[in-house]
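Below, each chain spelled out in residue letters.
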Amino acid sequence: MNQPIDLTARNFPSAEEDAQAVVAPPRYDGPESSYRLAFTDEAFLLRQELRPVRMQLELLKPELIQQEQGIRATVVIFGSARIPPREVAEQRVTDARAVGDAAAVARAETQLRMSGFYEEARRFAAIVTERSRAMARPIVVCTGGGPGIMEAGNRGAHETGGKSIGLNIVLPHEQAPNPYITPELCFQFHYFALRKMHFLMRSVALVCFPGGFGTLDELFEALTLMQTGKCRRRPILMFGREFWTRLIDFDHLIETGMVSPGDEQLFRFVETAEEAWSLLAEDYGLDDGENGSGGIEGL
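All values reported here derive from a predicted model rather than from experimental measurement.

(A) Fine view of the packing of aromatic side chains. Per the counting criterion, the structure on display carries 8 aromatic pairs. Judged by centre distance (4.7 Å) and plane angle (45°), the ring pair of Phe 250 and Phe 267 falls under tilted. In this pair, Phe 250 is assigned in helix 10 (residues 250-255) and Phe 267 in the loop between helix 10 and strand 7 (268-270), connecting sequence segments 17 residues apart. In this pair, the class of Phe 250 matches that of Phe 267, namely buried. Arranged with centres 5.6 Å apart and planes meeting at 70°, the rings of Phe 267 and Phe 269 form a pair that is edge-to-face. Of the residues examined, Phe 267 reaches a relative accessible area of 10% and is grouped as buried. Accessibility expressed as a relative area gives 15% for Phe 269, which makes it buried. In textbook terms, an aromatic cluster arises when at least three aromatic residues are bridged by ring pairs, as seen for Phe 124, Phe 209 and Phe 239.

This is how it looks when you write it as structure tokens:
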């Protein structure tokens, strides 16, 4: 008796099946041959004219994988790649003092003071991961994937048994992913613009620690998008009022008319991990209801 026809069978071979089936004849197996399938031809995909396709791939790959992982809400942690853990900073002070170099001692002592932000980022990520674990849609920590504050964010989530995302980018320095990112959520980007888009796509809050040009770029991009209404408003929490107000004279921007009165309300300063979580819990009603999902549920 013949087997019944499967009405859901594929109409055509899959791309994977064809890629595996293609064996180039010897005459057309050389690097100059155009015989290979376009989507398996790396040299073709890397051509300058294929930039729009590569940009689409960088948008799609993290999007599809996060959908598959059930990730709907993230808290993005920005900050310097150069802020070390406290134990590393303490050792640098000890080493500098042993050498007797006054300038090196001063730099190391500054790093030791800044290392407090590493510890706050680590504790904040742990709080977010732990407090949201029982929610219908847990909040997942997302960072730029590198060292410093980024490492602290992924580390805090990892130490509480939670997932976390790392959006790495190819750079001459500091491009290696830190060891605390969930492997299936460790992404690599070529285009800064697509990476920044993914920072915002699922974020329910942006938490910004002291940092340099890259941190400022990410912070002001988000502020601009919210100021101009190009994306919905969400909490922006900036750790370390003293650092930020010395770096940027926000009052001067308002006084000179460069921004409108009220734009300074797009962000808030915080000092501790507990204070930051308290503000998020209040904004989203995370302590309301049986599962504490509050305003996150509708995202």
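(B) Highlighting the sheet that holds strand 6 (residues 236-239). Sheet architecture is open: 7 strands sit in the order 4-3-2-1-5-6-7, paired in parallel fashion. Of all strands in the sheet, those with a lone pairing partner are strand 4 (186-189) and strand 7, marking the two edges. On average, each strand axis in the sheet is tilted by 25° relative to the strand beside it, whichever way the strands run. Here strand 1 (residues 73-78) runs beside strand 2 (residues 139-143); their pairing, made up of 5 bridges, is parallel. Its bridge partner lying in strand 2, Ile 77 is registered against Thr 143. Relative to the sheet, helix 6 (residues 149-159) contacts strand 1, strand 2 and strand 3 (164-169), its axis offset from that of strand 2 by approximately 155°. Contacting strand 1, strand 5 (203-208) and strand 6, helix 8 (residues 213-227) crosses the sheet at an angle of about 150° to strand 6.

Parameters and conventions
Each chain has its residues counted from 1, following the order in which its sequence is written. pLDDT decides what is reported in this predicted model: residues at 70 or higher carry local features, side-chain atom pairs at 80 or more are listed and counted, and totals for whole chains, interfaces and linings draw on all residues regardless. Side-chain figures throughout are based on the complete set of non-hydrogen atoms in the structure, without hydrogens or water. Centres within 6.5 Å make a pair out of two Phe, Tyr or Trp rings, where for Trp the six-membered ring is used; the pair is then stacked when the planes are under 30 degrees apart, edge-to-face when over 60, and tilted otherwise. Each helix corresponds to a stretch of at least 4 residues labelled H or I by DSSP, and each strand to a stretch of at least 2 residues labelled E; elements are numbered beginning at the N terminus. Throughout, exposure labels follow a simple rule: accessible area from a 1.4 Å probe, protein chains only, divided by the maximum for the residue type, with under 20% read as buried, over 50% as exposed, and the rest as partly exposed. The pairing criterion is simple: DSSP has to find at least two bridges between the two strands. All axes are obtained by fitting lines to C-alpha atoms, using only the stretch in contact for helices, and the reported angles, taken between N-to-C directions, cover 0 to 180 degrees. Should any heavy atoms of two residues lie within 4.5 Å, those residues are counted as being in contact.

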